[in-house]
Amino acid sequence: MTTLSYAVADSATMLRRQLRHMRRYLSVSLMLIGMPVVFLLLFVYVFGGTLGAGLGVPGGGRTTYVAYVTPGILLMAVAAGATGTAIAVAMDMTEGIVARFRTMAIFRPSVLTGHVLGSMLQTLLAVVASLAAAVAIGFRPNATAVEWLATAGLLAFITLAVTWLSVAFGLVSKTVEAASNLPMPLVFLPFLGSGFVPTDSMPTALRWFAEYQPFTPIIETVRGLLLGTAIGDSAVLAVAWCAGITLVGYVWSRKLYSRDPVR
Amino acid sequence: MTITRSRPAIRVSGLGKSFGDKLVLDGIDLEVAEGTIFALLGPNGAGKTTTVHILTTLIGADAGEVAVGGQDVAADPDAVRAVIGVTGQLTAVDNLLTGEENLLLMADLHHRGRDQGRRRAAGLLERFDLAEVARNPAATYSGGMRRKLDLAMGLIGDPRILFLDEPTTGLDPRSRRTMWQLIRDLAAGGVTVFLTTQYLEEADELADRIALLDHGRLVAEGTPDELKRRIPGGHIRLRLADPGGLEAAASLLEGAVRDDEALTLRVPSDGGVRSLRAVLDRLDRAAVEVSELSIHTPDLDDVFLTLTGQPDNDPDQEMEPAR
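A quick note: this is a predicted structure, and the numbers were derived from the prediction, not measured. (Residues numbered from 1 in each chain as written. Chains lettered and ligands numbered in written order. Predicted model: local features only at pLDDT ≥ 70, side-chain atom pairs only at ≥ 80, totals over all residues.)

Side note on the overall build of chain B
What counts is decided by this rule: By the criteria applied, helices consist of DSSP H or I runs no shorter than four residues and strands consist of E runs no shorter than two, each listed in order from the N terminus. Any residue whose C-beta has 12 or fewer other C-beta atoms within 10 Å is treated as exposed, any with 20 or more as buried, and any in between as partly exposed, C-beta atoms being built from the backbone. Whether two residues are in contact depends on their C-beta atoms, placed from the backbone: they are in contact if these lie within 7 Å.
When helices and strands are tallied, chain B shows twelve helices and 14 strands. When the 323 residues of chain B are sorted by exposure, 43% land in the buried category. Taking the intrachain contacts of chain B between residues at least 6 apart in sequence as the baseline, contacts between residues at least 24 apart amount to 70%.

Digging into helix 1 (residues 3-24) of chain A
The periodicity of an α-helix, 3.6 residues per turn, causes residues three or four places apart in sequence to face the same way. Stated precisely, the cut-off is as follows: Multiplying one less than the number of residues by 1.5 Å gives the expected span of a helix.
Between its first and last C-alpha atoms helix 1 of chain A spans 32 Å; for 22 residues at 1.5 Å apiece the expected length is 32 Å, and the two agree. Here helix 1 of chain A has its buried residues at Asp10, Ser11, Thr13, Met14, Arg17, Gln18, His21 and Met22 of chain A. For helix 1 of chain A, the elements touching its buried residues are helix 2 (26-53) and helix 5 (110-136) of chain A together with helix 4 (99-109) of chain B.

A word on the confidence of the model for chain B
A low pLDDT score tells you not to read the predicted coordinates there in detail. Residue and element names in this part refer to chain B. Just so we agree on the cut-off: Residue-level confidence of the predictor, termed pLDDT, takes values from 0 up to 100.
Across chain B, the average pLDDT comes to 85, with 89% of residues at 70 or higher. Ranking the helices and strands of chain B by mean pLDDT puts helix 4 first, with 95, and helix 1 (residues 2-6) last, with 47. Taken as a whole, residues 1-5 scores under 50 in pLDDT and shows two contacts with residues more than four places along the chain or in a different chain. In this model, residues 311-323 is a region of pLDDT below 50 whose contacts with residues beyond four sequence positions or in other chains number 22 contacts.

Some points on the interface of chain B and chain A
This is how it is decided: Ten residues, namely Ala, Val, Leu, Ile, Met, Phe, Trp, Tyr, Cys and Pro, are considered nonpolar, four, namely Asp, Glu, Lys and Arg, are considered charged, and the remaining ones, Gly among them, are considered polar.
Each side of the interface is counted separately: chain B has 25 residues, and chain A has 22 residues. Of all the secondary-structure elements, those providing two or more residues to the side of chain B that touches chain A are helix 3 (77-81), strand 6 (84-87) and helix 4 of chain B. No other element matches the four residues that helix 4 of chain B contributes to the side of chain B that touches chain A. Of the residues belonging to the side of chain B that touches chain A, the class tally is twelve nonpolar, seven polar and six charged.

So, the sheet that holds strand 9 (residues 209-214) of chain B
All names here are of chain B. The following threshold applies: Pairing between two strands is assigned when DSSP locates at least 2 bridges connecting them. Under this scheme, a helix contributes an axis fitted over its contacting stretch, all axes are lines through C-alpha atoms, and angles between N-to-C directions fall in the 0 to 180 degree range.
Spatial ordering of the open sheet is given by 6-7-8-3-9-10, a layout of six strands whose pairing is mixed. Of all the strands in the sheet, the pair left with one neighbour each is strand 6 and strand 10 (217-222). The mean inter-strand angle of the sheet, taken between neighbouring strand axes irrespective of direction, is 15 degrees. Sheet analysis places strand 3 (residues 37-41) next to strand 8 (residues 192-197), joined by five bridges and oriented parallel. When the bridges of strand 8 are listed, Phe38 appears paired with Phe194.

A look at the nonpolar core
Which entries qualify depends on this criterion: Remark: nonpolar core denotes a set of buried Ala, Val, Leu, Ile, Met, Phe, Trp, Tyr and Cys residues whose joining runs through C-beta atoms within 7 Å.
Ranked by size, the top nonpolar core spans 91 residues in total, and within it Leu74, Val78, Ala79 and Val162 of chain A together with Leu103 of chain B carry the most contacts. Considering every element that reaches this core, the biggest residue donor is helix 3 (residues 62-94) of chain A, with 20 residues. Excluding its chain neighbours within four sequence positions, the residues that come into contact with Leu74 of chain A are Val127, Ser130, Leu131, Leu155 and Val222 of chain A.

Re the packing of helix 1 of chain A against helix 4 of chain B
Applied cut-off: In what follows, roughly perpendicular refers to angles from 65 to 115 degrees, roughly parallel to angles under 35, roughly antiparallel to angles over 145, and oblique to any angle outside these ranges. The crossing is said to be left-handed when, going from far helix to near helix, the turn is anticlockwise and less than a right angle, and right-handed when the turn is clockwise.
One way to put it is that helix 1 of chain A packs onto helix 4 of chain B with a least axis distance of 9 Å and a crossing angle of 165 degrees. By the criterion of interaxial angle, the relationship of helix 1 of chain A to helix 4 of chain B is roughly antiparallel. When you trace helix 1 of chain A past helix 4 of chain B, the crossing you get is left-handed. Between helix 1 of chain A and helix 4 of chain B, the contacting residues are Asp10, Thr13, Arg17 and Arg20 of chain A on the first element and Glu101, Leu105, Asp108 and Leu109 of chain B on the second. Its residues assigned to classes, the contact of helix 1 of chain A with helix 4 of chain B shows two nonpolar, one polar and five charged.

A short note on the sheet that holds strand 5 (residues 71-72) of chain B
Residues and elements named next belong to chain B. In spatial order, the strands read 2-1-4-5; together these four strands make up an open sheet with antiparallel pairing. Because the sheet does not close on itself, it has two edges, and the strands there are strand 2 (22-32) and strand 5. Examined bridge by bridge, strand 1 (residues 10-19) and strand 4 (residues 63-68) share five bridges and lie antiparallel to one another. Looking at the pairing, Ser13 lines up with Glu65 of strand 4.

With respect to the packing of helix 2 of chain A against helix 5 of chain A
All names here are of chain A. Between helix 2 and helix 5, the least distance of the axes is 9 Å, while the angle of their chain directions is 30 degrees. By the angle class used here, helix 2 and helix 5 are roughly parallel. Of the two possible hands of crossing, helix 2 and helix 5 adopt the one that is right-handed. Along the contact surface, helix 2 presents Ser29, Leu32, Ile33, Pro36, Val37 and Leu40, while helix 5 presents Gln122, Leu125, Ala126, Ala129, Ser130, Ala133 and Ala134.

Regarding helix 11 (residues 234-258) of chain A
Residues and elements named next belong to chain A. Helix length check: helix 11, at 25 residues, gives a terminal C-alpha distance of 36 Å against a target of 36 Å (1.5 Å per residue), a fit within 8%. Among all positions in helix 11, only Ser234, Ala238, Cys242, Ile245, Gly249, Tyr250 and Ser253 are buried. Against the buried residues of helix 11 lie helix 5, helix 6 (145-172) and helix 10 (215-227).

Describing the environment of Tyr6 of chain A
Residue and element names in this part refer to chain A. Along the polypeptide, Tyr6 turns up in helix 1. By the C-beta count within 10 Å, which is 16 here, Tyr6 ends up partly exposed. When the C-alpha atoms of Tyr6 and Tyr45 are compared, they prove to be 50 Å apart, with 39 residues separating the residues in sequence.

Looking at unusual backbone geometry
Residues and elements named next belong to chain B. In this model, Thr57 sits at a positive phi of 70 degrees, which is unusual for a non-glycine residue. With respect to the helices, strands and loops of the structure, Thr57 is situated in the loop between helix 2 (48-55) and strand 4. Of note in the backbone geometry, Asp129 takes a positive phi value of approximately 65 degrees without being a glycine. With respect to the helices and strands, Asp129 occurs in the loop between helix 5 (114-127) and helix 6 (143-155).

What about the pairing of strand 7 (residues 161-165) of chain B?
Residue and element names in this part refer to chain B. Of all the five residues making up strand 7, five are buried; the element is thus mostly covered by neighbouring parts of the structure. Neither face of strand 7 is left uncovered, since the one carrying Ile161, Phe163 and Asp165 and the one carrying Leu162 and Leu164 both have all their residues buried. Examined bridge by bridge, strand 6 and strand 7 share four bridges and lie parallel to one another. Residue pairing across strands places Thr87 opposite Leu164, the latter belonging to strand 7.

Brief notes about the pairing of strand 3 of chain B
Residues and elements named next belong to chain B. Taking burial as the measure, the five residues of strand 3 include five buried ones, the bulk of the element. As paired strands, strand 3 and strand 9 are joined by four bridges and run parallel to one another. Bridge assignment links Leu40 to a residue of strand 9, and that residue is Ala211.

Brief notes about the confidence of the model for chain A
Taken as a whole, chain A shows an average pLDDT of 91; of its residues, 99% reach a score of 70 or greater. Here helix 4 (residues 96-102) of chain A is the element of chain A with the lowest mean pLDDT, 88, and helix 6 of chain A is the one with the highest, 96.

A closer look at the environment of Pro36 of chain A
All names here are of chain A. Among the structural elements, Pro36 can be located in helix 2. As for Pro36 and Ile106, which are separated by 70 residues in sequence, their C-alpha atoms are 37 Å apart. The contact partners of Pro36, leaving out residues within four places of it in the chain, are Ile73, Met76, Ala77, Ala80, Ala126 and Ser130.

So, in structure tokens, the structure goes:
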């Protein structure tokens, strides 16, 4: 076999291992998938009436707010997956099995690619579940097939980016507790952006942060693709942020994993 | 095969390693012949695990050269990884997977076909007496079962050289015996075994050669018997037929300590054949009849005490460096 086919075979083996782990930790997997749905229901039915009225759109209210908040909830699903990834990686690194992998003639990053692929599948499942829940409570996107495809592509890209970053978080953490705390800021990013309310309703300093942080252009792009609002330069920014975060996460993870293991 | 036979399975020269400013290994030299069992014996914190980590490509060395299976661990770690199997001090099994899934995972990573992997896994489960618990998660296994699974996982790839880091630490006596027999069988099948242990008895039972590691230095190396012979304290114990014989023998053998009540005589000896023959010849010429004879060589405990200046279980020993 060639190096490439070893890389693919070993990554596939590690992915199968990861999927088995998720099945054994079914409650964790279900929580990560269910959490964004719960937040969606919370925001739409508890806050939605008031927040929707504040959007300043004629006929605002709960129905308007479902449309507004869904892209934010999708990003929240992506960010929530990050915590699970970081914890899973940190836990794995404390196990002797990873030391064994290091003494075997296998494609070295396959332990990490297995985590990334497994986490991406889980996160994308959470995204699909959130989207389905949103449609069930009145979210009516008007996207064309191409726009749906672009949405899926962008969400997969940000999931890849966030997942690699959380793999690095998991590797750099000395304890599992630390690993569960590091991705916390990511979970708050949709709130501190255009995910739940328009940024121009925020005080100046916060608005400045909200407009320049990575999740806002991604949320704006998803919103534009699904609902036909203006996208502007958000699409370019969104792709650039995804590429940048992926690169940082990947390079950092590789570097952390290839150093001598510390016990 | 004659070429590989003449080449040692493991060759280490001038191996040095520090963690921060703590020197853990200080110029280790050793050679392990193919198909033999080599024991690295030492107290906690002597540097045994660090040595295994370097030999198995887990961490890098600071100084010296290490060749395993004829390949340099620093220059071509993957070539080394292809011929070794490792069983760690902390059992390296995936606790969330079943015993069978653990073995199949290893088979997949060795790029065995599905069928071949299944057969191999089933064979090992049978051989290691794990077939009954094959479908239970490894987290539910007892200590002995986990070690056996761990060892089986290291064998899936048919390694030529097997590293066992304290393979029986924490096991009950019965599991330990089982593990010993498994290790002996492997060596009989031609596998080179490099094991670390803090149990003198274990090294004595299993190893063809033993190296004593203390504070990162090798203080002695040889076969178990060679090591024991280096230590004073060995003697021949003779039981004579009657008090007259005891009297005669005692006058013939200088330095002998007599016990009139038991009719025995303790004669200092290095335990070698030559000195034994000399004693018997002398008694024979004087027609002194010996009714019973036993040779007492010092055990490895004496060796340890003499060579390291401290008993092996000194509680003040530093632990493995916390890193």
